[in-house]
Every structure is written in C-alpha cells, then in structure tokens.
Amino acid sequence: MCDYPSDMGRIFDGVLGGLGFSPPVWCAWLSKKTEQQPSPSLSEFLRFTKARDIIMDGFGSCPAGLLPALKKLGTTAQQAEVYLGLFDLFSRGGQAAKMIQHSEKLDLDLVNNLIEIPDDEFSIRVLSYLIQRDVEPDRFSGAVWVAHLLKEAIGEALVLDALHKSANPLKALRRLLTQLEFPPSPFDFNGSLVPITSANDIRLVAHEFKNCLRDPEEFVDIVFGILAGRQCLYRWNGAEPGLVQLARFGQRGWLIEDAKGASNAHLSRDTQQEILNVLAQFPSICPAWPRRQALPSYIWFYNNT
C-alpha cells in the first residue's frame, strides 16, 4: 500500500523525472492502483492516455462530473480517501455531487463532510434539504445522524415532512426532538423527585422556571444527555420548587450535576438538605451538593466503590 501523499511524489518522480506536481487524474488512478511502481510502461500510460480512460482503468467507470471536480483539487496530492470519496459521490449523483460541481474551488472540508454521509436513500434526502437550505457543511453528518435517530423513533415520513416544510432544517430537527420519550428513570423517589420524561416536558419546565434550558443549545445538550443515558432530570416539588440534574459517573454511580430554582437561583440550604435526604436512599448517588462536590464526590467514590 502507498503512503499518501509521500509515495505519490516518489512514483511520479520515477515516471516523469521530477515533474514537480501531481496531476489529479493520475493521483485518483493511483488511489486504486496502490501496488504500482515506476516503469517505462507506466510512464507511457499516464503520459499518453486520455483522462477519462485513466479513470476507467482505475475505477471501472468515469461518472459524469468527476473529471471537472478532480481538476478543482489542483496539483497538490491529497489523501487517497479524497479521490475514492469523490468517485463514490459522483457515482451516486444527486445533491452532493451538484454541490461540488457548482463550487468554483473544491473545499476539502466540504468533500470530507459529504463523504461521511451514508448513501442510503433517507440520508441522501436529508442531505438534499440541508444543502438546499444552505446549512454549513460541518453540520451535515451530525444532522443526518439526528435525523436517523428521529426516524427510528417517530417514522421516516414525519422527519422528511418536517424538513420539507422548514426553512431551517436544524431547527426542524430540534423541534422533532420534543416528540421523543426518554428512557425510564434509573431511580424511583416515590414522588419526592418527579422524573422529566420527555423533551417536551423539558421545554415546559424551562419556560416555567425561566432558566437556561430555554436556550436552544442547552436544551439539545440535556435532551441528548438523557437519551444517551448520561443524565437524568427531576423536578423537586417541595416548598421551594427546583430542578435537579444527575449525571452518570462512568459505571460507578451518579453525581448531582446541577440543582437550581426559578431563574437559575440557588436553592436554600434547607431545600438542599431535603433533596440530599431523598437522594441518600440510593447508595449509588454521591451525597455532595454541586458547588462543593468536586473534591468530596471523588473522595466518596474512592471510599464507596
């Protein structure tokens, strides 16, 4: 196997006696012909064969648009994955290929982001909406991943319909998150702490408490954390209402990550103690309050695991 792009220069120096640059069509061919060594026959083949025929020899076909795209790469050799990815993209066609065709200069970040997108029909349809609505390329793979998660939960038709109707696909996906049910709470506090069971519930309590969860990024972060099993959120319905957020500490237990009242206010000492008394019935929850938990929590985990 060749070490791209260093071996590229070695082979082309042997072919052309120090050409000083790497023709992109040749680089693409070499990404499939990694066993080649410099030889007179190789030199003659690359010198006198048409670009389309070189690609046909390497890949078995030459999809429309690939040759102009390769020219946009310039004469600096790229990693083999770039050439292989471009061939796959133009073989599939569609919005991703058109996006590259219409760009004056080929952005490698764009290419790499497009390469990461799966080639199933659903992913390509989601990608087409992202491209049509001018979503930044570095958001493509994450948005498609979220769309697949939503597809499994609420169905393909609802996801695609929401993307079709929205001018902002990322906001559309965020809104769909409110339809997901969370995993069951890992703890039953007998009503003292009530689990938040859906993204829609988070949205409601965020507006009720007027807290930071009204921010779209904070909202998405906690939703993903709960869906992934890394976090859980509870409502405290005592004399001083509040929200308590627990975070998983590996396989060892849980920490109180945050606990606040309305408008992100700190809870009183009495309320803090009431909450700690409820949490204490579960040995896997560290009995330390967030603002002073750093050292006590690690000492607790050391002594109790």
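All figures in this text were calculated on a predicted structure; none of them were measured in a lab.

**Q** Would you take a moment to explain the overall build of the protein for this structure?
**A** Looking only at helices and strands, one finds 16 helices and four strands in the protein. Out of the 305 residues in the protein, the part that is buried amounts to 44%. For the protein, long-range pairs separated by at least 24 residues make up 57% of all intrachain contacts whose partners lie at least 6 apart in sequence. Looking at the protein as shown, the accessible area adds up to about 15900 Å², and 50% of this sits on carbon and sulfur atoms.

**Q** Sorry if this is basic, but what is going on with the packing of helix H11 (residues 156–165) against helix H12 (residues 169–176) here?
**A** How two helices pack is summed up by the angle between their axes together with the distance between the axes. Running from N to C, H11 and H12 point in directions that differ by 140°, and their axes come no closer than 9 Å. Classified by the angle their axes make, H11 and H12 are oblique. For the pair H11 and H12, the sense of crossing is right-handed. Of the residues in H12, those touching H11 at Leu158, Val159, Ala162 and Leu163 are Pro169, Ala172, Leu173 and Leu176. Here the residues of the contact of H11 with H12 are counted per class, giving eight nonpolar, no polar and no charged.

**Q** Explain the nonpolar core to me, please; I cannot follow it from the model alone.
**A** It is characteristic of soluble globular proteins that their nonpolar side chains tend to be buried jointly. In this structure, Ile55, Leu70, Leu86, Ile100, Phe140, Val159 and Ile202 are the most contacted members of the largest nonpolar core, which totals 70 residues. At seven residues, the largest contribution of residues to this core is made by helix H10 (residues 140–154). Apart from residues lying up to four places away in sequence, Ile55 is in contact with Val25, Ala28, Gly60, Ser61, Cys62, Leu66, Leu67 and Leu70. Core analysis: the second largest hydrophobic core is formed by 19 residues, Phe187, Ile256, Ala259 and Val278 among them.

**Q** How should the packing of helix H2 (residues 24–32) against helix H6 (residues 80–92) be read in this particular structure?
**A** Contact geometry for H2 and H6: axes closest at 9 Å, N-to-C directions at 95°. Relative to H6, the element H2 lies roughly perpendicular. Contacts between H2 and H6 involve Pro24, Cys27, Ala28, Ser31 and Lys32 on the former and, on the latter, Ala80, Tyr83 and Leu84. Along the lines of polarity and charge, the residues of the contact of H2 with H6 split into six nonpolar, one polar and one charged.

**Q** Explain the pairing of strand S4 (residues 253–260) here, please?
**A** Consecutive residues of a regular strand have side chains that alternate between opposite faces of the sheet. Here seven bridges tie strand S3 (residues 242–249) to S4, and the two strands are oriented antiparallel to one another. Pairing of Gln245 across the sheet is with Asp258, part of S4. Counting the residues that bridge the hairpin from S3 to S4 gives three residues, and of these Gly250 lies at a positive phi of roughly 55°.

**Q** Looking at this model, I keep getting lost on a negative patch on the surface. Mind explaining?
**A** Where like charges cluster on the molecular surface, the negative patch consists of Asp107, Asp109, Glu136 and Asp138. Mapped onto the elements, Asp107 comes out in the loop between helix H7 (94–102) and helix H8 (108–115).

**Q** What exactly am I supposed to notice about the pattern of salt bridges here?
**A** Pairs can form between side chains of opposite charge whenever their charged atoms are close. Scanning all chains against the criterion turns up five salt bridges. Salt-bridge contacts for Lys260 lead to Asp258; the nearest nitrogen and oxygen are separated by 3.6 Å. Look at Lys260 and you get partly exposed, because its relative accessible area is 21%. Look at Asp258 and you get partly exposed, because its relative accessible area is 25%.

**Q** When you look at unusual backbone geometry in this model, what are you seeing that I'm missing?
**A** Of all residues except glycine, most have a negative phi; of all peptide bonds, most are trans. Backbone geometry at Asn190 places phi at a positive 55°, although glycine is not the residue there. With respect to the helices, strands and loops of the structure, Asn190 is situated in the loop between H12 and strand S1 (193–195). Look at Ser263: it is not a glycine, yet its phi comes out positive at around 55°. Mapped onto the secondary structure, Ser263 falls in the loop between S4 and helix H15 (269–279).

**Q** Sorry, what's going on with the packing of aromatic side chains here?
**A** Geometrically, a pair of aromatic rings is defined through the distance of the ring centres and the angle of the planes. Here the structure, examined in full by the defined rule, presents eight aromatic pairs. Plain terms: the ring middles of Phe187 and Phe189 are 5.8 Å apart, the flat faces sit at 35° to each other, and that makes the pair tilted. Taking relative accessible area as the criterion, Phe187 reaches 8% and is therefore assigned buried. For the ring pair Phe189 and Phe282, a centre distance of 5.3 Å and an interplane angle of 85° mean the geometry is edge-to-face. Residue Phe189 is located in the loop between H12 and S1, and its partner Phe282 is located in the loop between H15 and helix H16 (294–304); the two are separated by 93 residues in the primary sequence.

**Q** Quick question: what am I supposed to make of the environment of Ala28 here?
**A** With respect to the element layout, Ala28 can be found in helix H2. Residues Ala28 and Leu70 lie 42 residues apart in sequence; the distance between their C-alpha atoms is 8.1 Å. If sequence neighbours within four positions are ignored, Ala28 has contacts with Ile55, Phe59, Leu70 and Tyr83.

**Q** Which parts of the structure should I look at to understand the sheet that holds S1?
**A** Sheet strands line up and pair through hydrogen bonds in the backbone, either parallel or antiparallel. Read from one edge to the other, the open sheet built from four strands follows the order S1-S2-S3-S4, with strand pairing classed as antiparallel. Each edge of the open sheet carries a strand with a single partner, namely S1 and S4. Averaged over all pairs of adjacent strands, the angle between their axes in this sheet comes to 35°, without regard to strand direction. Pairing of strand S2 (residues 231–236) with S3 involves six bridges; the strand directions are antiparallel. Among the inter-strand pairings, Trp236 is bridged to a residue of S3, identified as Gly242. Along the sheet, helix H13 (residues 199–209) contacts S2 and S3; its crossing angle with S2, the most-contacted strand, is approximately 50°. Relative to S2, H15 is tilted by about 125°, and along the sheet it contacts S1, S2, S3 and S4.

About the thresholds
- Residues numbered from 1 in each chain as written.
- Predicted model: local features only at pLDDT ≥ 70, side-chain atom pairs only at ≥ 80, totals over all residues.
- Heavy atoms only, no water.
- Helix = DSSP H or I, 4+ residues; strand = E, 2+ residues; numbered from the N terminus.
- Buried < 20%, exposed > 50% of the residue type's maximum accessible area, 1.4 Å probe, protein only.
- Contact = heavy atoms within 4.5 Å.
- Areas by Shrake-Rupley, 256 points an atom, 1.4 Å probe, with all protein chains shown as cover.
- Axes fitted to C-alpha atoms, helices over the stretch in contact; angles between N-to-C directions.
- Parallel < 35°, antiparallel > 145°, perpendicular 65-115°, else oblique.
- Left-handed = near helix turned anticlockwise from the far one by under 90°.
- Nonpolar A, V, L, I, M, F, W, Y, C, P; charged D, E, K, R; others polar.
- Core = buried A, V, L, I, M, F, W, Y, C linked by side-chain atoms within 4.5 Å.
- Pairing = 2+ DSSP bridges.
- Patch = residues over 30% accessible without salt bridge, like charges linked within 9 Å, V, L, I, M, F, W, Y side chains within 5 Å.
- Salt bridge = Lys/Arg side-chain N within 4 Å of Asp/Glu carboxyl O.
- Lys, Arg positive; Asp, Glu negative; His and termini not counted.
- Charge placed at Lys NZ, Arg CZ, Asp CG, Glu CD.
- Phe/Tyr/Trp six-rings, centres within 6.5 Å; stacked < 30°, edge-to-face > 60°.

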